[in-house]
Amino acid sequence: MKTMLFLLLLLPSLPCWALYECSVHDRIVLSSVPCDTTFPIYQPELKTSIVLLTLGKNGSYNISGTVQGVPVSHLVDTGASLTSISARVAAAAGITNCIGFATVNTANGSVRACRALVSEIVFGSFRVSGVFVNVMPNMKFDVLLGNDVLRQFKISHHKGVMLISR
């Protein structure tokens, strides 16, 4: 049985039969193509992929990625309606124009946030284009991924492991 599985993994003509475990910033990503060791944050050739996240010491799920090319750490928040980025990330990504302002209720109270359009958010092997975000002053996280982005994916979690797939 192990030999047959090994042979299936070696057959380049049948990549759909193989799953590769790729390490991406202390996370395991299952992919139908071999791991890209040159730039593991984003692999545009992947049509479908699965990202597995383990619950962090802080009790949250985090994943590396980018906002308009700026490296960030995303906090996956299935309880948040909208995606938010810190003012620091917005400045680094060149996001300076507010489309409008919104009052956002946070765990620490209400905050006035700038609404802005982000051309691209990448997390794990996934890319989402044209995302409206709240730019949050004094937010301690780089990015809080909300349901406006996450609803585009299948998400399940059980016993400290979250699976995100397309």
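Residues numbered from 1 in each chain as written. Predicted model: local features only at pLDDT ≥ 70, side-chain atom pairs only at ≥ 80, totals over all residues. Heavy atoms only, no water.

(A) Representation of the overall build of the protein in the model. Scanning the protein from N- to C-terminus turns up 3 helices and 12 strands. Counting the 166 residues in the protein, one finds 40% classified as buried. With an accessible surface of roughly 9700 Å², the protein has 59% of that area assigned to carbon and sulfur atoms. (Helix = DSSP H or I, 4+ residues; strand = E, 2+ residues; numbered from the N terminus. Buried < 20%, exposed > 50% of the residue type's maximum accessible area, 1.4 Å probe, protein only. Areas by Shrake-Rupley, 256 points an atom, 1.4 Å probe, with all protein chains shown as cover.)

(B) How the structure looks around the pairing of strand S4 (residues 61-67). S4 sits mainly inside the fold: 7 of its 7 residues count as buried. Residues Tyr61, Ile63, Gly65 and Val67 of S4 are buried on one face, and the alternating residues Asn62, Ser64 and Thr66, pointing to the opposite face, are buried as well. Two strands pair when backbone bridges link them, and S4 and strand S5 (residues 70-76) are joined in this way by 7 bridges, in the antiparallel orientation. Residue pairing for S5: Ile63 is matched across the bridge by His74. The hairpin turn running from S4 into S5, its antiparallel successor, is 2 residues long, and Gln68 in that turn takes a positive phi close to 50 degrees. With 3 bridges connecting them, S4 and strand S8 (residues 109-123) associate as antiparallel partners. From the neighbouring strand, Val67 faces S8, where its bridge partner is Ile121. (Pairing = 2+ DSSP bridges.)

(C) Inspection of the state of the cysteines at higher detail. Tallied over the entire structure, the rule returns 1 disulfide. At a sulfur-sulfur separation of 2.0 Å, the disulfide partner of Cys98 is Cys114. The S-S bond linking Cys98 to Cys114 shows a torsion near -125 degrees; that makes this disulfide left-handed. Linking Cys98 in the loop between helix H2 (87-92) and strand S7 (100-106) with Cys114 in strand S8, this pair joins segments that are 16 residues apart in sequence. Looking at Cys98, the relative accessible area reads 34%, which means it is partly exposed. When its relative accessible area of 11% is taken as the criterion, Cys114 is described as buried. (Disulfide = S-S within 2.5 Å.)

(D) Focus on the environment of Asn147. Of note, Asn147 is situated in helix H3 (residues 147-150). For Asn147, a relative accessible area of 27% translates into the label partly exposed. C-alpha separation for the pair Asn147 and Leu82, spaced 65 residues apart in sequence, amounts to 5.9 Å. Contact partners of Asn147, with chain neighbours within four places excluded, come to Asp77, Thr78, Gly79, Ala80 and Ser81. (Contact = heavy atoms within 4.5 Å.)

(E) Representation of the side chain of His74. With respect to the helices and strands, the residue His74 is situated in strand S5. Taking relative accessible area as the criterion, His74 reaches 0% and is therefore assigned buried. Of the polar contacts made by the side chain of His74, one reaches the backbone oxygen of Val122; its length is 2.8 Å. His74 has contacts with Tyr61, Asn62, Ile63, Ser64, Gly65, Thr66, Val67, Ile121, Val122, Phe123, Val143 and Leu145, leaving out every residue within four places of it along the chain. (Polar contact = N/O pair within 3.5 Å; in protein donor to acceptor, adjacent residues only side chain to side chain.)

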